Amino acid sequence: MSSKTPTPHPDAAPPGSAPPERAEPAEPAEAADGSPAPGARPGLFRDASLSAVLAGFVAVVVSYSGPLVIVLAAASAGHLNTAQTSSWVWAISIGSGLTCIALSLRTKMPVITAWSTPGAALLVTSLGAYSYAEAIGAFIVTGLVITLVGLTGVFGWLMRQVPTAVVSAMLAGILFSFGTGVFTSLKTAPLIAGSVLLAYLLAKRWLPRYAVLVALAAGVAASAVSSRLDVHLDRIELAKPVLTTPEFSLASLIGIAVPMILATLASQNAPGMAVLTASGYQPKDRLLIGSTGLVSTALAPFGSHAINLAAITAAICTGPESHRDPRRRYVAGVSCGAFYLLIGAFGSTLVVLFAGLPKELVAAVAGVALLGALAGGLTGAVKEEKDREAALITFLATASGLTLFGIGSAFWGLLFGVIAHLVLTRFRKPTEAAK
């Protein structure tokens, strides 16, 4: 037997000392879907980054600068008083904030929720035909049905039957108008939009993680220089939720609940699931749809018409601009929820801050923030040659802005894409497929 002492490995721990911490984990830091592996111990503050927090902020700016206007228009059409309108804004803001934070922390994915934009658009033309109490009753039924559809897994099963290329094409179609919005804004506000685009490109070259932040700062500065900022607050006061006793009528259920259920599931939750899937995550449909449905039901007596998964604002938070590491993008969801809660706590008071931003600034910042997600959607759409035609049909139908029966183009693009996929692949004869 040799008496020669073996030479210790350079990375070996000294005798009697504990092994180095990096040698302990036996499991990968993250799973294939971007979520943490069982052995990983992510922490919110450790995973936080300025780019992710900013992504959440931009998502909120987009929400309050656009979709909220439709809610306010619906409130006006329904002859709601100031207290009821403020309560409505409070309810949808608090509901969106709570679900963003809870679901993002629970799943470690950037789960972005919002109020149903097509649902609010529906109310612009229908709310005035019913009493407010009847509308509240329809909101409650809407929430209960969406909860049931989500918890049973029916919605998730349907989404899983859709080819990946079609899902990616739908995402690209949704984001297409936002991408072009950067350049259409150059016509009406060349200084603002041009500053945003130039600042984004320069920062993308040398400060890629903060490109959107630099673009936003440049856009705000350009807006101030061109005297386009109209931000002022007369007073700040906490919102006072108004509880309304619901009334149920067959007319309001048919006129409000049924179309809102279809519009919310097809035009909001389906694209919302698609955004997460296209970004490489594996969303749990029962948890996400069921939770948003429950929160919608709970807040309906205060005016919330529907809380659902977001698509446009979700794409801002799920893309590489949020964070280059997909596992750390969930911070953007938490950030978005926190801003929702902050604004919701003050009802419609702070909304004027976002209403005072030039629309060209919002369009340009949203456009550059969504470039990464748009590129990912286009890449996924054309990746498989056999699915390209179906994906192209999906993209064109979605980007067209087609609306039928109150349901938006995202659903119709998805439907036409699936039909095209079935015709071109499933229903072909074996001899044709072999050619």
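Note that the structure is predicted; figures quoted are calculated from it, not measured.

### A short note on the overall build of the protein chain
Summing up its helical and strand segments, the protein chain has 20 helices and 2 strands in all. Sequence separation of at least 24 residues holds for 83% of the intrachain contacts in the protein chain that already meet a minimum separation of 6. Accessible area of the protein chain: about 20200 Å², with a carbon and sulfur share of 66%.

### Brief notes about the packing of aromatic side chains
Counted under the stated rule, the structure contains 9 aromatic pairs. With 5.9 Å between their ring centres and 65° between their planes, W115 and Y340 make a pair best called edge-to-face. Taken as a pair, W115 in strand β1 (residues 113-115) and Y340 in helix α14 (residues 330-345) lie far apart in primary sequence, 225 residues in all. Judged by its relative accessible area of 1%, W115 falls in the buried class. Y340 gets classed as buried once you look at its relative accessible area, which sits at 0%. Across the ring face of Y330, the terminal group of K108 is positioned such that the distance to the ring centre comes to 5.4 Å.

### Topic: the layout of surface pockets
For the second largest pocket, the calculated volume is near 470 Å³. L158, M159, V162, F411 and L414 are, among the 20 residues lining the second largest pocket, the residues nearest its centre. Counting residues per element, the ones that place at least two in the lining of the second largest pocket are α7 (154-160), α11 (250-278) and α19 (409-426). With 7 residues, the single largest contributor to the lining of the second largest pocket is α19. Within the lining of the second largest pocket, the residues separate by chemical class into 17 nonpolar, 2 polar and 1 charged.

### Some words on a nonpolar patch on the surface
There is a patch of nonpolar side chains on the surface, built from I393, L415, F416, I419, V423 and L424 and spanning about 450 Å² of accessible area. Per-element tally for the nonpolar patch: the top contributor is α19, with 5 residues. With respect to the secondary-structure elements, V423 resides in helix α19. Note on V423: relative accessible area 47%, which makes it partly exposed.

### Topic: the environment of K359
Within the secondary structure layout, K359 lies in helix α16 (residues 359-369). In this structure, the C-alpha to C-alpha distance between K359 and A189, residues 170 residues apart in sequence, is 9.4 Å.

### Things to note about the pattern of salt bridges
Counted under the stated rule, the structure contains 5 salt bridges. A salt bridge links R46 to D47, with the nearest nitrogen and oxygen atoms 3.5 Å apart. Take D47: its relative accessible area is 1%, and that puts it in the buried class. A salt bridge links E321 to K204, with the shortest nitrogen-to-oxygen separation between them at 2.8 Å. Highlighted residues: E321 in the loop between α13 (312-318) and α14 and K204 in helix α9 (residues 190-206), separated in sequence by 117 residues. Assessed through its relative accessible area of 34%, K204 is described here as partly exposed. Bridged by salt links that share partners, the residues R46, D47 and R327 form one connected network.

### As for empty space enclosed by the protein
One way to see where empty space is left: roll a probe the size of a water molecule over the atoms. In the structure shown here, the tally under the stated rule is 2 cavities of 30 Å³ or more. Approximately 70 Å³ is the volume found for the largest cavity. Around the largest cavity, the lining comprises 11 residues; the ones closest to its centre are S51, L54, A55, V212 and E321. Going through the elements one at a time, α2 (50-65) and α10 (211-225) are the ones with two or more residues in the lining of the largest cavity. Here the lining of the largest cavity is built from residues that sort into 8 nonpolar, 1 polar and 2 charged. Size it by volume and the second largest cavity reaches roughly 40 Å³.

### Things to note about the packing of helix α8 (residues 164-188) against α19
Following both chains from N to C, one finds α8 and α19 inclined at 150°, their axes separated by 10 Å at the closest point. Relative to α19, α8 is oriented roughly antiparallel. The way α8 lies across α19 gives a crossing that is right-handed. Contact residues: α8 offers V166, M170 and I174, while α19 offers A410, L414, G417 and V418. Of the residues belonging to the contact of α8 with α19, the class tally is 6 nonpolar, 1 polar and no charged.

### What about the nonpolar core?
Side chains of a nonpolar character, in soluble globular proteins, are inclined to be buried together. If you look at the biggest cluster of nonpolar residues, it comprises 107 residues, and the most contacted ones within it are V58, W88, L123, F139, L175 and Y340. Counting residues in hydrophobic clusters, the runner-up holds 5 residues, among them W90, A91, I94 and L299.

What counts and how
- Every chain's residues receive numbers from 1 upward, in the order its sequence appears when written.
- For a predicted model such as this one, the threshold for reporting local features is a pLDDT of at least 70, and the threshold for listing and counting side-chain atom pairs is 80 or more; totals across whole chains, interfaces and linings nevertheless cover every residue.
- Hydrogens and water are ignored here; the side-chain numbers use all heavy atoms of the structure.
- Helix and strand labels come from DSSP, where a helix needs a run of H or I of at least four residues and a strand needs a run of E of at least two; each type is numbered from the N terminus.
- Every residue pair with non-hydrogen atoms within 4.5 Å of one another is taken to be in contact.
- Throughout, the Shrake-Rupley method with a 1.4 Å probe supplies accessible areas, and for residues the shown protein chains are the sole cover considered.
- For Phe, Tyr and Trp, rings pair up if their centres lie within 6.5 Å, where Trp contributes its six-membered ring, and each pair is then called stacked (planes under 30 degrees apart), edge-to-face (over 60) or tilted (otherwise).
- A simple rule labels every residue: compare its accessible area, found with a 1.4 Å probe on the protein chains alone, to the largest value its type can have, and call it buried under 20%, exposed over 50%, or partly exposed in between.
- Lysine and arginine charges are scored as sitting over a ring when NZ or CZ, respectively, is within 6 Å of the ring centre and within 35 degrees of the ring normal.
- The pocket and cavity definitions rest on a 1 Å grid over protein atoms only: a 1.4 Å probe that fits but cannot leave marks a cavity, an open set with protein on both sides within 12 Å along at least five of seven lines marks a pocket, and residues lining either have an atom within 4 Å of a point.
- Grid points are joined across faces, edges and corners, and a volume is the space filled by probe spheres set on the points.
- Here the term charged refers only to Asp, Glu, Lys and Arg, the term nonpolar to Ala, Val, Leu, Ile, Met, Phe, Trp, Tyr, Cys and Pro, and the term polar to all other amino acids, Gly among them.
- Like charges within 9 Å and nonpolar side chains (Val, Leu, Ile, Met, Phe, Trp, Tyr) within 5 Å are joined into patches, using only residues over 30% in relative accessible area that form no salt bridge.
- For this analysis, a salt bridge means a side-chain nitrogen from Lys or Arg found within 4 Å of a carboxyl oxygen belonging to Asp or Glu.
- Lines are fitted to the C-alpha atoms to define the axes, a helix being fitted only along its stretch in contact, and any angle between axes, read from their N-to-C directions, falls within 0 to 180 degrees.
- In this scheme, roughly parallel covers angles under 35 degrees and roughly antiparallel covers those over 145, while 65 to 115 is roughly perpendicular and the rest are oblique.
- Crossings are sorted by hand: turned counterclockwise from the far helix by less than a right angle, the near helix makes the crossing left-handed, and turned clockwise it makes it right-handed.
- The term nonpolar core refers to a set of buried residues drawn from Ala, Val, Leu, Ile, Met, Phe, Trp, Tyr and Cys, joined through side-chain atoms within 4.5 Å.

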